[in-house]
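Analysis of the macromolecular model
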Amino acid sequence: MHHDATMIEDADEHVGPQRWRLGPSLRRAVADLRGGVSRWELWTTLGWQDIRHRYRRSTLGPFWITLSMAAMIGGIGLLYAGLFGYDLGDYLPFLACGLILWGVLSDTVVEGCSTFINSGSSIRQIRAPLSVYLFQMLWKSLLVFAHNIILVPIILLIFGIWPGAPLLLAFVGFAILYVAVAGMSLTLGLASARYRDLPPIVEMVVRFTFFFTPILWKPETLTGARAAIVTFNPFHYLLEVTRAPLLGEVPPLHVWLVAIGLAVVSWIIALAMFARVRHRVAFWV
């Protein structure tokens, strides 16, 4: 089991809820995260090996990820543009950005639930910070995103769209999005290690939420009371801070504020939970 003397001290200190102190536990949780970052060679290698293992003996290898996304964008784009009379030059770039960003958001959150469960044997046998397995999953998700995002400039070029200066904001927006989903993944990964029914529940909720998020349809199509579907959908704000700049638009200030707030809150919850249950994960998995 990878837990060293420090982890054993954690277990002793957390024998009863009355003895739990947030300060020391939080410092150890932050130290674990710092230790995980310092082991970047380990989790980048493991994440890349996961991608290569999935597509081993394949001619195109990981670029099947790109082709699959391209086929989805083309199929859905042509279908919806024909059915609802959308202008293809306006709709397809919007759809492409939405699907690619939703892919990294939803896949990271769903896979985050199984982060520690799938790494159970390694957690028990290898002496490494627990956060290494979180960073491994996040890195793998980022690699998949990198294979898909190359479709965006191709589509923008085909339809003669140049984002201009707002494109720089897309990098800021994506950083906010990824920080938020990283916090969600850590929280859900810890909770799922304890409650094994949680991963399928989260996957079901994420799939259901897809249809209520403006990806296949534009937010301005909803008016009146129906606009609340967008207003109270947190995923809309996380997508919009990246998608709008990619399309040459600057998101409104309230969109930035909500997205940043979601990122901050997700990590407050994640850190509090990580501090409290970090020492128990090896026994749960």
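Residues numbered from 1 in each chain as written. Predicted model: local features only at pLDDT ≥ 70, side-chain atom pairs only at ≥ 80, totals over all residues. Heavy atoms only, no water.

1. Description of the overall build of the protein
Rule in force here: What counts as a helix is a DSSP run of H or I of at least four residues, what counts as a strand is a run of E of at least two, and both are numbered from the N terminus. We call two residues contacting when some pair of their heavy atoms lies within 4.5 Å. Accessibility throughout is a Shrake-Rupley quantity obtained with a 1.4 Å probe, and a residue counts as covered only by protein chains that appear here.
For the protein, the helix and strand inventory stands at 15 helices and zero strands. In the protein, once contacts between residues fewer than 6 apart in sequence are set aside, the share between residues at least 24 apart is 77%. Accessible area for the protein stands at about 14500 Å²; split by element, carbon and sulfur atoms hold 67% of it.

2. Some details on the layout of surface pockets
Rules: Within this scheme a cavity is a closed region of a 1 Å grid, computed over the protein atoms alone, that accommodates a 1.4 Å probe without allowing it to escape, whereas a pocket is open but has protein on both sides within 12 Å along at least five of seven lines; lining residues each have an atom within 4 Å of a point. Grid points are joined across faces, edges and corners, and a volume is the space filled by probe spheres set on the points. The nonpolar class holds Ala, Val, Leu, Ile, Met, Phe, Trp, Tyr, Cys and Pro. Asp, Glu, Lys and Arg form the charged class, and all remaining residues, Gly among them, are polar.
Considering only enclosed or pocket space, the largest pocket measures out at about 610 Å³ in volume. Taken together, 23 residues line the largest pocket, and the ones lying closest to its centre are Met 69, Trp 102, Gly 103, Ser 106 and Asp 107. Listing elements by their share of the lining of the largest pocket, those giving two or more residues are α4 (63-84), α5 (88-112), α8 (131-149) and α11 (198-210). When residues of the lining of the largest pocket are assigned to their parent elements, the largest contribution, seven residues, is made by α5. Tallied by class, residues from the lining of the largest pocket come to 12 nonpolar, five polar and six charged.

3. Some thoughts on empty space enclosed by the protein
Here the structure, examined in full by the defined rule, presents two cavities of 30 Å³ or more. Considered as a void within the structure, the largest cavity measures approximately 40 Å³ in volume. Taken together, the elements giving at least two residues each to the lining of the largest cavity come down to α5 and α8. Tallied by class, residues from the lining of the largest cavity come to four nonpolar, three polar and one charged.

4. With respect to helix α14 (residues 253-277)
Owing to its 3.6 residues per turn, the α-helix aligns residues three or four sequence positions apart on the same side. Just so we agree on the cut-off: To estimate how far a helix should extend, the number of its residues minus one is multiplied by 1.5 Å. Residue burial is assigned from relative accessible area. The probe radius is 1.4 Å, only protein chains are included, and a residue is buried under 20% of its type maximum, exposed over 50%, and partly exposed in between.
Its 25 residues place the ends of α14 36 Å apart at the C-alpha level, agreeing with the 36 Å of an ideal helix rising 1.5 Å per residue. For α14, the full list of buried residues reads Val 255, Trp 256, Ala 259, Ala 263, Ser 266, Trp 267, Ala 270, Phe 274, Ala 275 and Val 277.

5. With respect to the pattern of salt bridges
The following threshold applies: Salt bridges are identified by distance alone: a Lys or Arg side-chain nitrogen within 4 Å of an Asp or Glu carboxyl oxygen.
If you walk through the whole model with that rule in mind, you get five salt bridges. For Asp 90, the salt bridge identified is with Lys 218, shortest N-O distance 2.4 Å. Residue Asp 90 is located in helix α5, and its partner Lys 218 is located in the loop between α11 and α12 (228-231); the two are separated by 128 residues in the primary sequence. Classification of Asp 90 by relative accessible area gives partly exposed; the value is 42%. On the accessibility criterion, Lys 218 (15% relative accessible area) is buried.

6. With respect to the confidence of the model for the protein
Using the following cut-off: Summary of the metric used: pLDDT quantifies the predictor's per-residue confidence within the range 0 to 100.
Of all residues in the protein, 90% have pLDDT values of 70 or greater, and the mean over the chain is 87. Within the model, the stretch residues 1-20 combines pLDDT values under 50 with 38 contacts to residues more than four positions away or in other chains.

7. Structural notes on the packing of aromatic side chains
How two aromatic rings sit relative to each other is given by the distance of their centres and the angle of their planes. Cut-off, in case you're wondering: Side-chain rings of Phe, Tyr and Trp, where Trp is taken by its six-membered ring, are said to pair if the distance between their centres is within 6.5 Å; with planes under 30 degrees apart they count as stacked, over 60 as edge-to-face, and otherwise as tilted.
Counted under the stated rule, the structure contains 11 aromatic pairs. A centroid spacing of 5.5 Å and a plane angle of 40° characterise the contact between Trp 43 and Phe 135, whose relative ring orientation is tilted. Taken as a pair, Trp 43 in helix α3 (residues 40-54) and Phe 135 in helix α8 lie far apart in primary sequence, 92 residues in all. Exposure class is identical for Trp 43 and Phe 135. Each is buried. With centroids separated by 5.9 Å and ring planes inclined at 35°, the aromatic side chains of Phe 84 and Tyr 86 adopt a geometry described as tilted. By relative accessible area, Phe 84 is classed as exposed at 52%. Every member of this aromatic cluster is reached through a ring pair, and the members are Tyr 80, Phe 84, Tyr 86 and Tyr 91.

8. Points about the nonpolar core
It is characteristic of soluble globular proteins that their nonpolar side chains tend to be buried jointly. Worth spelling out the cut-off: Nonpolar core, defined: a set of buried Ala, Val, Leu, Ile, Met, Phe, Trp, Tyr and Cys residues in which side-chain atoms within 4.5 Å join the residues together.
Counting 74 residues, the largest nonpolar core has Ile 73, Trp 102, Leu 105, Phe 116, Ile 123, Leu 177 and Leu 186 as the members making the most contacts within it. With 13 residues, α5 is the largest single contributor of residues to this core. Beyond its immediate stretch of four places on either side in the chain, Trp 102 contacts Asp 107, Val 206, Thr 209, Phe 210, Thr 213, Ile 215, Phe 235 and Leu 239.

9. Describing the environment of Leu 271
By the element assignment, Leu 271 lies in helix α14. Placed 242 residues apart in sequence, Leu 271 and Ala 29 show a C-alpha to C-alpha distance of 7.1 Å. Apart from the residues within four sequence positions on either side, Leu 271 is in contact with Leu 26 and Leu 33.

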